[in-house]
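As a plain string of letters, each chain reads:
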Amino acid sequence: MSNSSLSALPASDRPDVTARLRDALLGASFTADGLLDLLGAPAYAALARSEIVPALRATRGDTSLEMLVRLFLLQQPVPHARVAGVLPVDACLESGWLVRAGADEVAAAVDVRPYGGPRGEDWFIVSDLGCAVGGAGGIGSREEGVVLGVGGASTTLAGITVRTPVSAALDLGTGSGIQALHAAQHATRVTATDLNPRALHITALTLALSGAPAADLREGSLFEPLRDDETYDLIVSNPPFVISPGARLTYRDAGMGGDDLCRTLVQQAGERLREGGFAQFLANWQHVEGEDWQDRLRAWVPRGCDAWIVQREVQDVTQYAELWLRDAGDHRADPAEYQARYDAWLDEFEARKVKAVGFGWITLRKTGAAVPSVTAEEWPHPVEQPLGETVREHFKRLDYLRTHDDAALLTGHFKLAPEIVQEQVGLPGAEDPEHVVLRQNRGMRRATKVDTVGAGFAGVCDGSLSAGRILDAIAQLVGEDPVLLRDRTPAQIRLLVEQGFLEPA
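My aim in this report is to walk through the structure given alongside it, one point at a time. Note that residues are indexed from 1 along each chain, following the sequence as it is written. The predicted nature of this model means local features are confined to residues of pLDDT at least 70 and side-chain atom pairs, given and counted, to a pLDDT of 80 or more, with totals for whole chains, interfaces and linings taken over all residues. With hydrogens and water set aside, each side-chain value is computed from the structure's full complement of heavy atoms.

1. Digging into the overall build of the chain
Numbered from the N terminus, helices here are DSSP runs of H or I no shorter than four residues, and strands are runs of E no shorter than two. Scanning the chain for helices and strands turns up 20 helices and 19 strands. Based on C-alpha atoms, the radius of gyration is set beside the globule rule, defined as 2.2 Å times the residue count to the power 0.38. In terms of overall dimensions, the chain is globule-like: its C-alpha atoms have a radius of gyration of 26 Å, near the 23 Å expected for 505 residues. Each of the three principal axes of the chain carries a C-alpha extent, and together these read 90 × 55 × 50 Å. To sort residues, take the accessible area from a 1.4 Å probe on protein chains only and compare it with the maximum for the residue type: under 20% means buried, over 50% means exposed, and anything in between is partly exposed. Within the chain, the fraction of its 505 residues that count as buried is 52%. We call two residues in contact whenever any of their non-hydrogen atoms come within 4.5 Å of each other. Contacts in the chain between residues far apart in sequence, at least 24 positions, make up 69% of those at least 6 positions apart.

2. Quick word on the packing of helix α17 (residues 452-460) against helix α18 (residues 467-478)
In a pair of packed helices, the angle between the axes and the distance between the axes together describe the arrangement. Direction vectors running N to C along α17 and α18 enclose 125°, while the axes themselves pass 10 Å from each other. When the interaxial angle is binned, α17 and α18 end up oblique. Taken as a pair, α17 and α18 cross one another with a handedness that is right-handed. Every residue of α18 that contacts α17 at Val453, Gly456, Phe457 and Val460 is listed here: Ala467, Ile470, Leu471 and Ile474. When residue character is reported, Ala, Val, Leu, Ile, Met, Phe, Trp, Tyr, Cys and Pro are called nonpolar, Asp, Glu, Lys and Arg charged, and the others, Gly included, polar. Broken down by class, the residue content of the contact of α17 with α18 amounts to 7 nonpolar, 1 polar and no charged. The axes used here are C-alpha line fits, helices contributing only the stretch in contact, and every angle between their N-to-C directions lies in the interval 0 to 180 degrees. Roughly parallel means an angle under 35 degrees; roughly antiparallel, over 145; roughly perpendicular, 65 to 115; everything else is oblique. Take the far helix as your reference; a near helix turned counterclockwise from it by less than a right angle gives a left-handed crossing, and one turned clockwise gives a right-handed crossing.

3. A closer look at the side chain of His182
Locating His182 in the fold gives a position in helix α9 (residues 178-183). Residues within four places of His182 in sequence aside, it is in contact with Tyr115, Pro118, Trp123, Ala158 and Arg163.

4. So, the pairing of strand β4 (residues 111-116)
The buried fraction of β4 amounts to 5 of the 6 residues, a majority that puts the element mostly inside the structure. As paired strands, β4 and strand β5 (residues 122-127) are joined by 6 bridges and run antiparallel to one another. The partner of Arg113 across the bridge, within β5, is Ile125. Counted between consecutive antiparallel strands, the loop separating β4 from β5 contains 5 residues, among which Gly120 sits at a positive phi close to 85°. A pair of strands is considered paired only if DSSP assigns at least 2 bridges between the two.

5. Topic: the sheet that holds strand β19 (residues 502-504)
Strand order in this open sheet of 3 strands is β18-β14-β19, and the pairing throughout is antiparallel. Each edge of the open sheet is held by one strand with a lone partner, namely β18 (462-466) and β19. Here the strands of the sheet are splayed against their neighbours by 35° on average, with no regard to which way each runs. Across 3 bridges, strand β14 (residues 413-416) lies against β19 in antiparallel orientation. By the bridge assignment, Leu416 is partnered in β19 with Leu502. Along the sheet face, α18 touches β14 and β18 and points at about 75° away from the line of β18.

Just distances and angles here, no functional claims.
So, in structure tokens, the structure goes:
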């Protein structure tokens, strides 16, 4: 299907109009905070679920903010005379932000969603009509070439991305420009690529309307638009990772067999990273009969890169097919057509011996280490976003452990990480607990079992004493041979450091 049925886009070369529109939106409190105050938490949350009725009910008044919400978020035409008092309406009509609807009304040509930046910035995400709320489950039909707005996947990726000042960042498959917008706050130069030229146009609108610097926009698939010698300090991608039969919907379907797109993306990223640089992706991957999913993904990691792979969710093939059939609105289509498409998904999985599909995050870090570290784990539990600093610290601790053998660990000094609590589990009235659990209340919110020595060691780590001296004191306290205790404890210390319970002082 061509893009001809999609609406015309506003001009991206009218910075004067875009600046005036931004000022008008801010002046009317058309911001993330203003939206929450107007709608209330229930209606605001309903938008993320693609439900607009609560928001329609909350915007039945005549304030400027209510009018803007109806216009740019809920696709409602509004009176021309009312808009003229709030927006530079003639300039917006001339440049394509608004279109005439009937004799005396105007409508938005694109959706505009207020979006709060990490430091309280007031940003605006532009997307195709019907795509501002609910991400892939938003209002309206799904067409090839459509560009979505803010969804759970985009905010997840933005939250896990390492945010340090860098000279060059790449947003690969930029969509509506959310990742490029975040990157522009800490990267001197941002390059954004997309196979869909419409997405690049919308990214330019998102950046301009948000008051952000322009990005270097390039059309093409994966790394194809880049020159051979181009490298980056940060690469991010929320790619079209859906494993589907065919490539019906550009915004989500991988268009390669199985999970080949995600594999290719990860494998090719290594040569585009500068030393110490990060590449961070969302991805789907197949669970294939007779193969361990962790081993399968470890094989994706390019040479010269550390990797941290986190599987957040697993769905069997029927759940997965149903999720994305609903996403495309196929469940509302003719039952026979729906069943045929469902059947095609299952045929595809059966041919590839796929029993389930995993979803999660993949982070690469370019390293000069002789033996890179690759961690692949399942962590479906709640985490605390943003996680960017947690990700950065994970790789920093890997560097420490890689350069410290057991003897060096015992001479090291450690501190208990902030907001660690200890839980003792056992039968009521028992003299000693069956086991002790250390639990994080920040970041990944991990929990790990430790023995009494490990718990005692962690409890007194304040950076003042070396690990060896602490163990000697514990040995004396419990009547154990200090040499034996020094021999068997470094493995437990190493695990506590790796998982972030202890930090090198």
